[in-house]
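What the coordinates show
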Amino acid sequence: MKESKMFYVTESYTFEDIIKKSRFISVIFPCTSDQVVLHQLKTLQAEHPHANHIAFAYRIKTNEGIIYRFHDAGEPTGTAGKPIFQYIEGKNIINVLIVVIRYFGGVKLGAGGLNRAYGHMAKQVIDTSTLQPYIEMTTLHFTLDYERFQSFDYALKKVNGQILEQVFAGQIHLTVTLPVEKQWDLESQFTPV
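Below: a short report on this structure.

Definitions and limits used
- Counting starts from 1 at the beginning of each chain's written sequence and moves along it residue by residue.
- Local features in a predicted model are, by the rule used here, given only for residues with pLDDT of at least 70; side-chain atom pairs are given and counted only at 80 or more, and totals for whole chains, interfaces and linings are based on all residues.
- Each side-chain value is derived from all of the structure's non-hydrogen atoms; neither hydrogens nor water enter the calculation.
- Helix numbering and strand numbering both begin at the N terminus, where a helix is a DSSP run of H or I of at least 4 residues and a strand a DSSP run of E of at least 2.
- It is over C-alpha atoms that the radius of gyration is taken, and the globule rule equals 2.2 Å times the number of residues to the power 0.38.
- Contacts: residue pairs with any heavy atoms within 4.5 Å of one another.
- Calculation of accessible area relied on Shrake-Rupley with a 1.4 Å probe; when residues are assessed, cover is drawn exclusively from the protein chains displayed.
- Only four residue types enter the tally: Lys and Arg on the positive side, Asp and Glu on the negative side, with His and both chain ends excluded.
- Charged side chains are reduced to one point each, which is NZ for Lys, CZ for Arg, CG for Asp and CD for Glu.
- Each pair of strands is called paired provided DSSP finds at least two bridges between the two strands.
- Here, the term nonpolar core denotes a set of buried Ala, Val, Leu, Ile, Met, Phe, Trp, Tyr and Cys residues that are joined through side-chain atoms within 4.5 Å.
- When a residue's accessible area, from a 1.4 Å probe over protein chains only, is under 20% of the maximum for its type it is buried; when over 50% it is exposed; and in between it is partly exposed.
- In this analysis, axes come from line fits to C-alpha atoms, helices being fitted only over the stretch in contact, and the angle between any two N-to-C directions falls in the range 0 to 180 degrees.
- Salt bridges are defined as contacts in which a side-chain nitrogen from Lys or Arg sits within 4 Å of a carboxyl oxygen from Asp or Glu.

Examining the overall build of the protein
- The helix and strand tally for the protein stands at five helices and 10 strands.
- Since a compact globule built from 193 residues should have a radius of gyration of about 16 Å, the 22 Å found for the protein marks it as more spread out than a globular shape.
- Principal-axis analysis of the C-alpha atoms places the extent of the protein at approximately 75 × 35 × 25 Å.
- When contacts within the protein are restricted to residue pairs at least 6 apart in sequence, those whose partners lie at least 24 apart make up 69%.
- Working note: accessible area of the protein is about 11000 Å², and carbon and sulfur atoms make up 50% of it.
- Looking at charge distribution, the protein has the averaged site of its 19 positive side-chain charges lying 11 Å from that of its 19 negative ones.

See the structure below:
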């Protein structure tokens, strides 16, 4: 079974809207760890000390799999964080945090209205952002004789790989990174250490 294509963002984007007198601000951030999430949330709480709710959802790809969390921030259970998360998951975005800040405008939206409002804000900020296709990379090590280096370098460039480290001694010791899906193309010509 082929895994569906994943996406990520490289920069943050903001979208703002007024829904039934409440001011909603949604922000999408690239993030790769819980620490980055906490830092972004603290920054937003400092920037919006009078906001009534700062709901969020995130989804991060780790070596152990995908981790995710969502939080309603005082809204009724399941009406804020979960609708945000559903849009992240539906678009298969990883390494992302979406925060929706709400300044209450005096009109209660009800559970359905909140669900729609938070979902709408997540959708809009995703649509505003530029999604990049995620390419799974791997790191390999090679030891080559000098006369094979030029053909190796050419083969590596052909598979969109890069040299991370090279040590010239009796032989050339290389550490390279390349897309996982191209690993066999390179390994069929050169044997990793």
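Some words on the pairing of strand β9 (residues 162-168)
- Looking at chain direction, β9 and strand β10 (residues 172-179) are connected through six bridges and run antiparallel. Bridge pairing links Gln-166 to Leu-174 in β10.

A word on the nonpolar core
- Phe-24, Ile-28, Ile-84, Ile-98 and Tyr-118 are the most contacted members of the largest nonpolar core, which totals 25 residues.
- Of all the secondary structure elements, the ones that give two or more residues to this core are β2 (13-19), β3 (22-30), β4 (53-62), α2 (81-90), β6 (96-103) and α3 (110-128).
- With seven residues, the top contributor of residues to this core is α3.
- If we ignore the near neighbours within four places in the chain, the residues touching Ile-28 are Val-9, Glu-11, Ser-12, Tyr-13, Val-96, Leu-97, Ile-98, Val-125, Ile-126 and Ser-129.
- Leu-41, Ile-54, Leu-97 and Tyr-103 belong to the second largest nonpolar core, which has 16 residues in total.

Comments concerning the sheet that holds β9
- Taken together, three strands build an open sheet; the order of strands is β8-β10-β9 and the sheet is antiparallel. Whereas interior strands pair on both sides, the edge strands pair on one side only; in this sheet they are β8 (137-144) and β9. Each neighbouring strand pair of the sheet contributes to a mean axis angle of 15 degrees, computed without reference to strand direction.
- Looking at chain direction, β8 and β10 are connected through eight bridges and run antiparallel. For Phe-142, the partnering residue across the bridge sits in β10 and is Leu-174.
- Here helix α4 (residues 149-158) sits on the sheet and contacts β8, β9 and β10; the angle it forms with β10, its principal contact strand, is near 15 degrees.

Quick notes on the pattern of salt bridges
- Going through the model one piece at a time under the given rule, you end up with five salt bridges.
- Residue Glu-75 is joined to Arg-102 by a salt bridge in which the shortest nitrogen-to-oxygen separation is 2.9 Å. Residue Glu-75 is found in the loop between β5 (65-71) and α2, and its partner Arg-102 is found in strand β6; the two are separated by 27 residues along the sequence.
- On the basis of relative accessibility, which here comes to 3%, the residue Arg-102 falls in the buried class.
- For Lys-157, the salt bridge is made with Asp-153, and the minimal N-O distance between the two is 2.7 Å. Residue Lys-157 and its partner Asp-153 are both found in helix α4; the two are separated by four residues, about one turn of the helix.
- Judged by its relative accessible area of 54%, Lys-157 falls in the exposed class.
- Residue classification places Asp-153 among the partly exposed positions, given a relative accessible area of 21%.

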